[in-house]
Amino acid sequence: MNIIKLNAIDSTNNFLKELSATQIIENFTTVVTENQLNGKGQRGASWVSENGKNLTFSIFIRHPEKNLNNLYIINIITSIAIIEALKEYHLNDLHIKWPNDILSENKKICGILVENTIKSNGKIQSIVGIGLNVNQRKFENLPQASSLAQLKNKVFDKDSLLKSIIQALKSNYKKRDDINFLWKKYHSLLFKMGIPTVFENKQQVKFMAIIQGVSSVGKLQLQLENDTIKEFDIKEIKMLY
Ligand code: BTN
């Protein structure tokens, strides 16, 4: 495993993106930092992590094929891999909250930010950014956030967790041709699948709907109160839970 450890950096995703633009790096090269100073989250949000307590890291994947059918499969593979790795550490009630937050006991313990680039030769590469709350105990103004330490009341070894996640990602990546198997697994882990749930749209209007699944491009498919099925992308709605 090629793991680059940095004491501090603005964002491991940005660092790895620049590194891969200037050098040919090994597939699954990983950059991890103790202190991420300007971490990026989904929807343009920032990702804040206490110095030294958590795992903030990014993994580089250079895809050999020019057509991956759909790039959303990288998000699917990553979410499944993290859940499989965390199961080994006996985390309970693990779910994927669309599109790819990882929850344990209904609390967010991990966020994923995948950034894909299509090169001029048609080749695709992905930077898979993962923020996993490991040993941080306090989350101010984040009532839905938690960590492994908070949930299991013990300190976790970050290095061994990191290696387990990279290993699980590599092994699920090998299954990328078996799209049906991966989608089935993703849907079986999807939080609130088939359960009436409250959502909020861009106009901050709340509505009730039932999750039917996620489309191949990553849109959430909801059955609305009038029984129609509508697809939403990440910028259009958020789940309230
Ligand atoms: C989310 O909003 O839930 C996604 C958070 C992703 C955070 C990780 S931490 C490592 C990597 N580097 C970043 O700047 N962001 C991702």
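Reading the values: rules and limits
Residues numbered from 1 in each chain as written. Predicted model: local features only at pLDDT ≥ 70, side-chain atom pairs only at ≥ 80, totals over all residues. Heavy atoms only, no water. Near = heavy atom within 4 Å. Polar contact = N/O pair within 3.5 Å; in protein donor to acceptor, adjacent residues only side chain to side chain. Areas by Shrake-Rupley, 256 points an atom, 1.4 Å probe, with all protein chains shown as cover. 1 Å grid on protein atoms, 1.4 Å probe; cavity = no way out; pocket = protein on both sides within 12 Å on 5 of 7 lines; lining within 4 Å. Sits in = over half its atoms within 2 Å of the grid points. Axes fitted to C-alpha atoms, helices over the stretch in contact; angles between N-to-C directions. Helix = DSSP H or I, 4+ residues; strand = E, 2+ residues; numbered from the N terminus. Parallel < 35°, antiparallel > 145°, perpendicular 65-115°, else oblique. Left-handed = near helix turned anticlockwise from the far one by under 90°. Contact = heavy atoms within 4.5 Å. Phe/Tyr/Trp six-rings, centres within 6.5 Å; stacked < 30°, edge-to-face > 60°. Buried < 20%, exposed > 50% of the residue type's maximum accessible area, 1.4 Å probe, protein only. Pairing = 2+ DSSP bridges.

For the protein, an unreviewed UniProt entry supplies the name Biotin--[acetyl-CoA-carboxylase] ligase and the organism Flavobacterium jejuense.

Student: Before we move on, could you go through the site of the ligand and cite the residues and values that matter?
Tutor: Surveying the vicinity of the ligand reveals 20 residues, the closest of which are Ser11, Gln36, Lys40, Gln42 and Lys108. Lys108 places a side-chain nitrogen or oxygen 2.7 Å from an oxygen atom of the ligand. In isolation the ligand offers 420 Å² of accessible surface; the protein chains occlude 97% of this area. Taken atom by atom, the bulk of the ligand overlaps the largest pocket.

Student: Residues and numbers for the packing of helix H2 (residues 72–88) against helix H4 (residues 158–173), please.
Tutor: One way to put it is that H2 packs onto H4 with a least axis distance of 8 Å and a crossing angle of 135°. Considering the angle they form, H2 stands oblique to H4. Seen along the crossing, H2 lies across H4 with a hand that is right-handed. Contacts between H2 and H4 involve Ile74, Ile77, Thr78, Ile80, Ala81, Ile82, Glu84, Ala85 and Leu86 from the first element and Leu161, Ser164, Ile165, Ala168, Leu169, Asn172 and Tyr173 from the second.

Student: An account of the packing of aromatic side chains is requested, with residue identities and associated values reported.
Tutor: Applying the stated criterion to the full structure yields eight aromatic pairs. With a centroid separation of 5.3 Å and 80° between ring planes, the pair formed by Phe191 and Tyr241 is classed as edge-to-face. Residue Phe191 is located in the loop between helix H5 (179–188) and strand S10 (196–201), and its partner Tyr241 is located in the segment after strand S14 (237–240); the two are separated by 50 residues in the primary sequence. By relative accessible area, Phe191 is classed as buried at 5%. By relative accessible area, Tyr241 is classed as partly exposed at 30%. When the centroid spacing of 5.9 Å and the interplanar angle of 25° are considered together, the rings of Phe199 and Phe207 count as stacked. The class for Phe199 is buried, based on a relative accessible area of 1%. The buried category is assigned to Phe207, whose relative accessible area is 19%.

Student: I'd like to hear about the pairing of strand S8 (residues 107–118), residue by residue, with values.
Tutor: Bridge count for strand S7 (residues 101–104) against S8 is three bridges, and the pairing is antiparallel. Each residue of the ladder has a partner; that of Ile102, found in S8, is Cys110. Here S7 hands over to S8 after two residues, with Glu105 in that stretch at a positive phi of 50°. Bridge count between S8 and strand S9 (residues 124–132): nine bridges; the pairing is antiparallel. Bridge pairing in S9 links Gly111 to Gly131. With antiparallel pairing between neighbouring strands as the criterion, S8 and S9 make up a hairpin whose turn holds five residues, including Gly122 at a positive phi of roughly 90°.

Student: Please provide a residue-by-residue account of unusual backbone geometry, values included.
Tutor: Residue Pro99 is bonded to the preceding Trp98 through a cis peptide linkage, with omega at 0°. Position of Pro99 relative to the elements: it lies in the loop between strand S6 (94–97) and S7. Residue Phe28 is not a glycine yet carries a positive backbone phi of 70°. Looking at the element boundaries, Phe28 is found in the loop between helix H1 (12–22) and strand S2 (30–36). One non-glycine residue, His90, adopts positive backbone phi at about 65°. Summarising the element assignment, His90 is placed in the loop between H2 and S6. Classification of His90 by relative accessible area gives exposed; the value is 55%.

Student: Pulling in residues and values, what's your account of the environment of Gln212?
Tutor: Take Gln212: it is sitting in strand S11 (residues 206–214). In sequence terms Gln212 and Gln223 are eleven residues apart; their C-alpha atoms lie 6.5 Å from each other. Beyond its immediate chain neighbours, meaning those up to four positions away, Gln212 contacts Met193, Gln221, Leu222, Gln223 and Ile229. Among the polar contacts made by the side chain of Gln212, one reaches the side chain of Gln223 at a distance of 3.1 Å.

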